[in-house]
Amino acid sequence: ALTGVGEPERLGGERVSASHFQMLGVSPALGRTFLPGEDQPGHARVVILSHGLWQRRFAADPNVVGKAVLLNGQSHTGVGVMPSSYRLGHYGPQLWTALVFAPEIVLPEARENRSLSVLARLKSGVSVETAKAELAALAQRSEKAHPGTSKGWGASAIPLQQYIADEFRVAMRMLMG
């Protein structure tokens with residue numbers, strides 16, 4: 001929930017690692033992306049805005065970089081604005097904050113939380129099938145180590161293009177029907 005500038009608004013956002021934009025090879029149109037370590041506990045909260053949100057809610061003010069942005073009642077410092085051309089999928093996020101794992105999230109009691117999606121780049125020469133096999137092996141090891149919470153769960157890899165296309169697949173089938 002964005003507050004403090006105009007009417008309160010619920011926005012779609014993503015929490016990402018500090019290396020997210022660097023891994024994708026994307027640079028901001030204004031300001032910077034996350035610095036190493038900003039996804040670690042104890043760092044100041046920072047936010048990167050989509051170009052559309054920056055134009056709509058902040059009147060394309062370049063001074064948003066360095067200013068406080070209130071998200072869910074917590075102050076975040078605006079550090080960057082992504083270019084208008086940057087979007088993963090049709091309905092991309094409107095803002096990004098650093099994904100910080102609080103200490104209680106990594107405790108054994110938190111093992112039942114399975115809401116993490118990972119976007120990664122394969123090393124040159126590694127196929128999607130090889131990545132799938134490695135993820136399956138990791139899931140199997142996790143199931144053996146933690147049978148109470150990992151039984152029946154796994155991980156898979158799909159190419160980014162397929163992931164984005166899946167967003168439209170259901171809607172297209174409905175339209176064609």
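Keep in mind it's a predicted model, so treat the numbers as computed, not measured.

Reading the values: the criteria
- Residues numbered from 1 in each chain as written.
- Predicted model: local features only at pLDDT ≥ 70, side-chain atom pairs only at ≥ 80, totals over all residues.
- Heavy atoms only, no water.
- Helix = DSSP H or I, 4+ residues; strand = E, 2+ residues; numbered from the N terminus.
- Buried < 20%, exposed > 50% of the residue type's maximum accessible area, 1.4 Å probe, protein only.
- Contact = heavy atoms within 4.5 Å.
- Areas by Shrake-Rupley, 256 points an atom, 1.4 Å probe, with all protein chains shown as cover.
- Lys, Arg positive; Asp, Glu negative; His and termini not counted.
- Charge placed at Lys NZ, Arg CZ, Asp CG, Glu CD.
- Patch = residues over 30% accessible without salt bridge, like charges linked within 9 Å, V, L, I, M, F, W, Y side chains within 5 Å.
- Salt bridge = Lys/Arg side-chain N within 4 Å of Asp/Glu carboxyl O.
- Pairing = 2+ DSSP bridges.

(A) Expanded view of the overall build of the chain. From N to C terminus, the chain includes 5 helices and 7 strands. Order of helices (α) and strands (β) in the chain, N terminus to C terminus: β-β-α-β-β-α-β-β-β-α-α-α. By principal-axis analysis of the C-alpha atoms, the chain measures approximately 50 × 45 × 35 Å. In the chain, which comprises 177 residues, the share counted as buried stands at 25%. Sequence separation of 24 or more characterises 70% of the internal contacts of the chain that already satisfy a separation of 6 or more. Taken as a whole, the chain presents about 12000 Å² of accessible surface, with 55% of it coming from carbon and sulfur. For the chain, the distance from the average site of its 18 positive side-chain charges to the average site of its 14 negative ones is 3 Å.

(B) Spatial organisation of the environment of Leu116. Counting through the fold element by element, Leu116 comes out in the loop between β7 (95-98) and α3 (128-145). Residue classification places Leu116 among the exposed residues on the basis of a relative accessible area of 53%. Separated by 101 residues in the primary sequence, Leu116 and Arg15 place their C-alpha atoms 10.0 Å from one another. Among all residues touching Leu116, those that are not within four sequence positions of it are Leu99 and Phe101.

(C) Fine view of a nonpolar patch on the surface. Side chains of Phe101, Ile105, Leu116 and Val118 sit close together on the surface and give an oily, nonpolar patch of about 400 Å² of accessible area. Tracing the sequence through the fold places Ile105 in the loop between β7 and α3.

(D) Here's a closer look at the pairing of strand β6 (residues 74-81). Of the pairings in the sheet, the one linking strand β3 (residues 30-31) to β6 comprises 2 bridges and is antiparallel in character. When the sheet's bridge partners are listed, Leu30 is paired in β6 with Val81. In this sheet, β6 lies alongside strand β4 (residues 46-49) in parallel orientation, the contact comprising 4 bridges. Within β6, the residue paired with Leu49 across the bridge is Val81. Here strand β5 (residues 68-71) folds back onto β6, and the loop between the two strands holds 2 residues, one of which, Asn72, carries a positive phi near 50°.

(E) A look at the pairing of β4. Of the two faces of β4, the one carrying Val46 and Ile48 and the one carrying Val47 and Leu49 are both buried. Two elements, β4 and β7, share 3 bridges in a ladder whose sense is antiparallel. In the strand pairing of β7, Val47 is matched with Thr97.

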